[in-house]
Every structure is written in C-alpha cells, then in structure tokens.
Amino acid sequence: MLGAAGRRIAELVPRAIGSSGRGFSTRAATGYQARLSQHYHNTLRDDLMILQYVPPSVRARQEDIEQAQLQAMKDNAGGTPPSAQRQRQKMRPLRPAQAESAAHNTAYVDKVTVHIRCREALNNKHHLLSSLMALQVIAGQRAEVVKAKNDAAPWKLRKGMPIAAKVELTGDRMYEFLDKLVEVVLPRMKEYSGLRMDAGDGSGSFTLGFDNTAIGLFPEMEMVYDMFPLVTGFAVNISTTAGRNPAGRLLLSGLNVPFLHARKVKDESFML
Amino acid sequence: MSALGRFAAGSSLSTSRRAWIGRASKAAKETVKRTAASGTRAGGPSHQTSDARYEMMKQILFQEEARQPPQLSDEDMDRHMTILRAQKIYRMGESAKRRSEREGKFEAMRRAYDALEALDERLFDGACQKEANMTFPRQMRVATETPPTRVWDYLK
C-alpha cells in the first residue's frame, strides 16, 4: 500500500540503474524542528495565550473606545477638504478589529524577509551579485532579484531595472535565521541596546535595519567575507500575525529579541 | 569558534576555491591601490568594472548544477515512507496533547474570569488591567542543553 504510493512518486524522479543497496534511509532527518520553533510551541504559546486573555465584555468595551476615537478623528478633521488624489492616498485599509481571545489564535511569527537595496547596481549591474550571494550565505536560501516598480528621475532609475535583492523565509529556516540574529549578530553589534518600545507598524510587522558592518557578523560570512567586492547593509522585516504592536512586541521578546525599556510609567493600563 | 556552538562557521567552498578567493581579492585590492596612487580622474568611472570575483559568483549562482537526490530502491522507499509516516503520527500525537492542555488551561481561565465578573466589579476590573508595554524579561532565555556561562548584557 505504502510501497505503491512511494513507487508512484519515485517514478516521477529519474532513477539510476541499480539500487542503493543500503538498509537505511539516505534523506536528511525529518524529525528536526528549529530550536525557536520548539520554544514557541512548547512554552511561549501557552504563556502568550494566558497573558493576553481579555474577557469578551472588556474586549467589546475596547472596540467601542477604538471606534469612538476613529470617529472623533474623522469629525474633528479641520482645514480644507483634501483633493481627490490626496484623498485616495490617505485612504488606507483599516486594520481589522482584534479577534476574540481563544485557545487557538495566539500570535506567531509568519514570515521573515531579508532585503538588500543596492544603489550601486544603478551604475554597475554586477554589484547586485554581491547582494544575491550575501543573502544566500546568510539565509541559506536562494535570493531573488527585485525590479523597480516606478521611475525615479533623481536617481536615474527606470521602471523594470533590477535594483534590490530579497529572500523570504518561512518555517524552520526562518526560525534559524532569527536564532542567529538574536544570539550572534545583535550581541556583536556596537552600541546596540535593543528595539524601542514604539517599534512596529501597527499591524504586527517589525523591521530592523542594519548597516554594512553588521553583515560580516554572521557566522557564515567569516569564511567568505573577502569574496565580496561590495558589502552593504540589509533590512529584516519580521511579519507576525499579531494585530497590534504590544502583542507583537510581547511575542518577539519571548523569542529573545531585546527591547529597550524607557522609564516605567506607573498606573498605565493598556489594550492589547 | 567554540562559543558559537552550532553556528560554528563551516565553509561549503573547497580549499582550492577558497585559495582562489584569497588570491582574487588580493589582486583586486592591489588594483584599487594602484589606481588610487596613480590618481583617477575626479568623478570618473572606476577602471575595475568587472571584478574577477563576480565571475566566480556568476558561476556559483547560475551555472552550477544542483546535486541529484539519492536514488532509492523500492525497499528503501518503503522504509523511508514508513519512517516519514511514523514521524508524522508522532508529531500529530504531540500536537494533540499540547492542544488539549492548552484548551484546558483556557477553559479554566475563562471560567475564573466569568466567576469574578459575576462576583465583584472592582476586582474584575483590576484583574483585567494589564501592564503597559509588557515584555518577557531578558533573563527568560530559550532553553538549551549547553547554555553559555556568560550571558550577553546589552545595557553595558
């Protein structure tokens, strides 16, 4: 039964003449789970669920307050009405209302995107190779080229020019990258104390920017640093399923991302 | 580097290739020094537009063929699929165990909150208040079998 299914799949793969003759499986071990992933599922998830629990009646109250604030902003908008183009620019999709607390809907890290914007690629396309190679070395995954979507005359940019490189990480590779960042790279950076407490874009995405001294701090880059004619900085975007900033920050702090606390303000309740 | 543990740097490049990188990067640096010494035209283009290292990068990125996956016989494939299936069943069991624990905790918490809400308004409001800017403490590190003896202190 299983053999038939396995054989059907194997038929799609070109096979060498003769068998392997070995008595054990030769594929990589699939019982592996990244350390941060294990930590999240075993420890963090339950803690986040408990810390972020809000009873339904209180949640309803919070939603009313948020709606009232939005309405007040709309009503008190002073000055002349904006032009049609400006109106369209201002209309962003509203963030979705926060979901009811449940046992199964804690926030998790969904995707990490590492991005290198290579200005030098405008004069010499070869410099983009440095970015592609660097991302492959750091992330362990093949990077892709990003082409310009718009023209920008001041920088001699035309639509369709390759200008950046990015790699999108999910699953175990994402957790491994975060692990390296948090355990090796961030501690080695000079004068870095952590993310600020106003970090976050409001919908659960966090972006960290690094300059060109940071890329050499990755363990894989030690061996091949001389290979790169061009060493640039990079940006890391951590996309979580948290709906609001405080929930996202709580999640990231659980994964050992450092946060710099300002002086604590007493008697301040907040909404998650 | 022992401190790095599982992140210890290991190059996937062969020794000959690494020697080549060393020579090519040295050559590139010499060229840059020579051009600087001779004095390039102000604002003119660099003479080293195509670094030799870029040729190697092009080869690595675009021309090297991916390794072929190992060829398995029928029996090996049976064993492999059996192992995969067993691992999946194990993972499903673990996940179900964790889920039932989590749902039990959630139910207990919900019932406690409901009971408190019915009992006392003031205490219920106090219980619902959360600390502003709540984060896990830095001392809560991810569990590991070989923790470092010196923990990095960002605030120094």
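Given the structure is predicted, the values throughout are model-derived calculations rather than measurements. (Residues numbered from 1 in each chain as written. Chains lettered and ligands numbered in written order. Predicted model: local features only at pLDDT ≥ 70, side-chain atom pairs only at ≥ 80, totals over all residues. Heavy atoms only, no water.)

Novice: Is there a simple way to think about the overall build of chain A in this case?
Specialist: Regarding its fold elements, chain A presents 8 helices and 5 strands. Per-residue burial for chain A yields a buried fraction of 43% across its 272 residues. For chain A, contacts bridging at least 24 residues in sequence account for 76% of all contacts bridging at least 6. (Helix = DSSP H or I, 4+ residues; strand = E, 2+ residues; numbered from the N terminus. Buried < 20%, exposed > 50% of the residue type's maximum accessible area, 1.4 Å probe, protein only. Contact = heavy atoms within 4.5 Å.)

Novice: So what exactly am I meant to see when it comes to the overall build of chain B here?
Specialist: The helix and strand inventory of chain B stands at 4 helices and 0 strands. For chain B, buried positions account for 22% of its 156 residues. When contacts within chain B are restricted to residue pairs at least 6 apart in sequence, those whose partners lie at least 24 apart make up 38%. Carbon and sulfur atoms form 54% of the exposed surface of chain B, whose accessible area is close to 11,600 Å². (Areas by Shrake-Rupley, 256 points an atom, 1.4 Å probe, with all protein chains shown as cover.)

Novice: Would you mind showing me how to read the packing of helix H2 (residues 35–51) of chain A against helix H6 (residues 171–188) of chain A here?
Specialist: In a pair of packed helices, the angle between the axes and the distance between the axes together describe the arrangement. Residue and element names in this part refer to chain A. Between H2 and H6, the shortest axis-to-axis distance is 7 Å and the interhelical angle comes to 100 degrees. Regarding the angle of H2 to H6, the classification is roughly perpendicular. Between H2 and H6, the contacting residues are Arg35, Leu36, Ser37 and Tyr40 on the first element and Asp172, Tyr175, Leu178, Asp179 and Glu183 on the second. Per-class residue counts for the contact of H2 with H6 are 4 nonpolar, 1 polar and 4 charged. (Axes fitted to C-alpha atoms, helices over the stretch in contact; angles between N-to-C directions. Parallel < 35°, antiparallel > 145°, perpendicular 65-115°, else oblique. Nonpolar A, V, L, I, M, F, W, Y, C, P; charged D, E, K, R; others polar.)

Novice: What exactly am I supposed to notice about the confidence of the model for chain B here?
Specialist: Low pLDDT marks regions whose predicted coordinates should not be analysed in detail. All names here are of chain B. Averaged over all residues, the pLDDT of chain B equals 80, while 77% of them reach at least 70. Considering only residues more than four positions removed or in separate chains, one finds that residues 39–47, a stretch of pLDDT under 50, has 3 contacts. In the predicted complex, the global pTM is 0.79; the interface-specific ipTM is 0.76. (pLDDT = per-residue confidence, 0-100.)

Novice: Before we go on, may I ask you to explain empty space enclosed by the protein in this structure?
Specialist: To find the voids left in a structure, one rolls a probe of water-molecule size over its atoms. Residue and element names in this part refer to chain A. Taken as a whole and judged by the stated rule, the model has 2 cavities of 30 Å³ or more. Forming the boundary of the largest cavity are His127, Ser130, Ser131, Ala134, Ile215, Met221, Phe228, Leu230, Val231 and Thr232. Among the elements that make up the lining of the largest cavity, the one with the highest residue count is helix H5 (residues 127–139) (4 residues). Taken together, the residues that form the lining of the largest cavity break down as 6 nonpolar, 4 polar and no charged. Its volume calculated, the second largest cavity comes out at about 30 Å³. Taken together, Leu178, Leu181, Val182, Leu186, Leu208, Ile238 and Val257 make up the lining of the second largest cavity. With 4 residues, H6 is the largest single contributor of residues to the lining of the second largest cavity. (1 Å grid on protein atoms, 1.4 Å probe; cavity = no way out; pocket = protein on both sides within 12 Å on 5 of 7 lines; lining within 4 Å. Points joined across faces, edges and corners; volume = space filled by probe spheres on them.)

Novice: I tried to follow the packing of H5 of chain A against helix H2 (residues 52–63) of chain B on my own but got confused; where do I start?
Specialist: Axis separation between H5 of chain A and H2 of chain B bottoms out at 10 Å; the angle between their running directions is 50 degrees. In terms of orientation, H5 of chain A lies oblique with respect to H2 of chain B. Seen along the crossing, H5 of chain A lies across H2 of chain B with a hand that is left-handed. Here His127, Leu129, Ser130, Leu132, Met133 and Gln136 of chain A of H5 of chain A lie close against H2 of chain B, whose contacting residues are Tyr54, Met57, Lys58, Ile60, Leu61 and Phe62 of chain B. For the contact of H5 of chain A with H2 of chain B, the residue count by class is 8 nonpolar, 3 polar and 1 charged. (Left-handed = near helix turned anticlockwise from the far one by under 90°.)

Novice: In this structure, what is going on with the UniProt feature "domain: Large ribosomal subunit protein uL5 C-terminal" (unreviewed entry) in chain A? I would like to understand it.
Specialist: The UniProt feature table records "domain: Large ribosomal subunit protein uL5 C-terminal" (unreviewed entry) at residues 162–259 of chain A. Split by type, residues 162–259 of chain A is 33% helix and 21% strand. Its first and last C-alpha atoms lie 35 Å apart. (UniProt positions renumbered as here; feature names shortened; annotations may be inferred.)

Novice: Got a minute to help me understand the sheet that holds strand S3 (residues 162–169) of chain A in this structure?
Specialist: Two strands in a sheet stick together by hydrogen bonds in their backbones, pointing the same way (parallel) or opposite ways (antiparallel). Residue and element names in this part refer to chain A. One open sheet holds the 5 strands; their spatial order is S2-S3-S1-S5-S4, and the pairing between them is antiparallel. Two strands lie at the open edges of the sheet, namely strand S2 (144–147) and strand S4 (205–210), each paired on one side alone. With strand direction ignored, the average angle separating the axes of adjacent strands in the sheet is 25 degrees. The sheet contact formed by S4 and strand S5 (residues 234–240) spans 6 bridges and is antiparallel. In the strand pairing of S5, Leu208 is matched with Val236. (Pairing = 2+ DSSP bridges.)

Novice: Quick question: what am I supposed to make of the pattern of salt bridges here?
Specialist: It is possible for side chains bearing opposite charge to pair when their charged atoms get close. All names here are of chain B. Under the criterion given, the structure shown has 18 salt bridges over all chains. The partner of Asp51 in a salt bridge is Arg53, and the shortest N-O contact between them spans 3.0 Å. Arg53 shares its class with Asp51; the two are buried. With a closest N to O distance of 2.7 Å, Arg79 and Asp76 form a salt bridge. Here the residue Arg79 and the residue Asp76 both occupy positions in helix H3 (residues 74–119), the gap between them amounting to 3 residues, near one helical turn. Residue classification places Arg79 among the partly exposed residues on the basis of a relative accessible area of 38%. (Salt bridge = Lys/Arg side-chain N within 4 Å of Asp/Glu carboxyl O.)

Novice: Even after reading the chapter, I still don't get the environment of Trp155 of chain A, so can you show me in this structure?
Specialist: Residues and elements named next belong to chain A. Here Trp155 shows up in the loop between S2 and S3. Given a relative accessible area of 48%, Trp155 falls into the partly exposed group. Sequence spacing of Trp155 and Ala84 is 71 residues, and the spatial spacing of their C-alpha atoms is 28 Å.

Novice: Honestly, helix H3 (residues 56–75) of chain A in this entry has me stumped. Any pointers?
Specialist: Residues three or four positions apart in an α-helix share a direction because the helix packs 3.6 residues into each turn. Taking 1.5 Å of rise per residue, the 20 residues of H3 of chain A would be expected to cover 28 Å, and the 28 Å separating its terminal C-alpha atoms lies within 8% of that figure. Along H3 of chain A, the residues classified as buried are Val58, Arg59, Gln62, Glu63 and Glu66 of chain A. Across the axial projection of H3 of chain A, the buried residues extend over an arc of 140 degrees, all falling on one side. Exposed positions of H3 of chain A whose direction lies more than 90 degrees from the buried face are Asp64 and Asp75 of chain A. On the buried face of H3 of chain A, the contacting elements are helix H4 (121–128) of chain B. (Expected span 1.5 Å × (residues − 1). Arc of directions from axis to C-beta.)

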